[in-house]
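# Secondary and tertiary structure notes
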Amino acid sequence: MLDEECRIRKERLLQAWADDLDRKGFSDLQVNLESFPARPRGFGEHIPDIVATRKDSRRLVGEIWLCESLDQDDRMFSRVMSYAYRGDVVMLLVPYDCLDAAEDLVREWGLSSEIFVQAILD
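Residues numbered from 1 in each chain as written. Predicted model: local features only at pLDDT ≥ 70, side-chain atom pairs only at ≥ 80, totals over all residues. Heavy atoms only, no water.

## Some points on the state of the cysteines
Scanning all chains against the criterion turns up one disulfide. In this model C67 forms its disulfide with C98; the gap between the sulfur atoms is 2.2 Å. One disulfide, between C67 and C98, carries an S-S torsion of -90° and so falls in the left-handed class. Here C98 lies in the loop between β4 (89-95) and α3 (99-108) and C67 lies in the loop between β3 (59-64) and α2 (73-84), a separation of 31 residues in the sequence. Judged by relative accessible area, which is 25%, C67 ranks as partly exposed. (Disulfide = S-S within 2.5 Å. Helix = DSSP H or I, 4+ residues; strand = E, 2+ residues; numbered from the N terminus. Buried < 20%, exposed > 50% of the residue type's maximum accessible area, 1.4 Å probe, protein only.)

In structure tokens, the structure reads:
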């Protein structure tokens, strides 16, 4: 479980990401700040941080990974796999200081073509 400081940091980053997607014209934006008003369609056990529809009608599923969460390998892997198998566009946002570690982890899982890792300023 993330401690209070990590939770606040993640919420701040998530709100900034949602604002950015909104400015870029994504629609049907659902953000998991406290909890979704309604569970996004198609999600069972794992609920992402953000779900939005791109202009090409593909669904973007996003997760924010703080550096502290990268050591939770098994849990992170199952979450990402549950998103990637449905054909969604999966975006992982990580702080710059752990971008290389996150990219290495995704490559280790063999998912580098299905998952996009992007750094965020924190």
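Back to the write-up after that little detour.
## Describing the nonpolar core
Within the largest apolar cluster, 21 residues are counted, with the highest numbers of intra-cluster contacts made by W65, L92, V94, I115 and V117. Listing elements by their share of this core, those giving two or more residues are α2, β4, α3 and β5 (115-120). Within the second largest apolar cluster, 16 residues are counted, among which are A18, A52, L60 and V89. (Core = buried A, V, L, I, M, F, W, Y, C linked by side-chain atoms within 4.5 Å.)

## Brief notes about the environment of W109
Within the fold, W109 resides in the loop between α3 and β5. Separated by 28 residues in sequence, W109 and M81 have C-alpha atoms that sit 9.4 Å apart.

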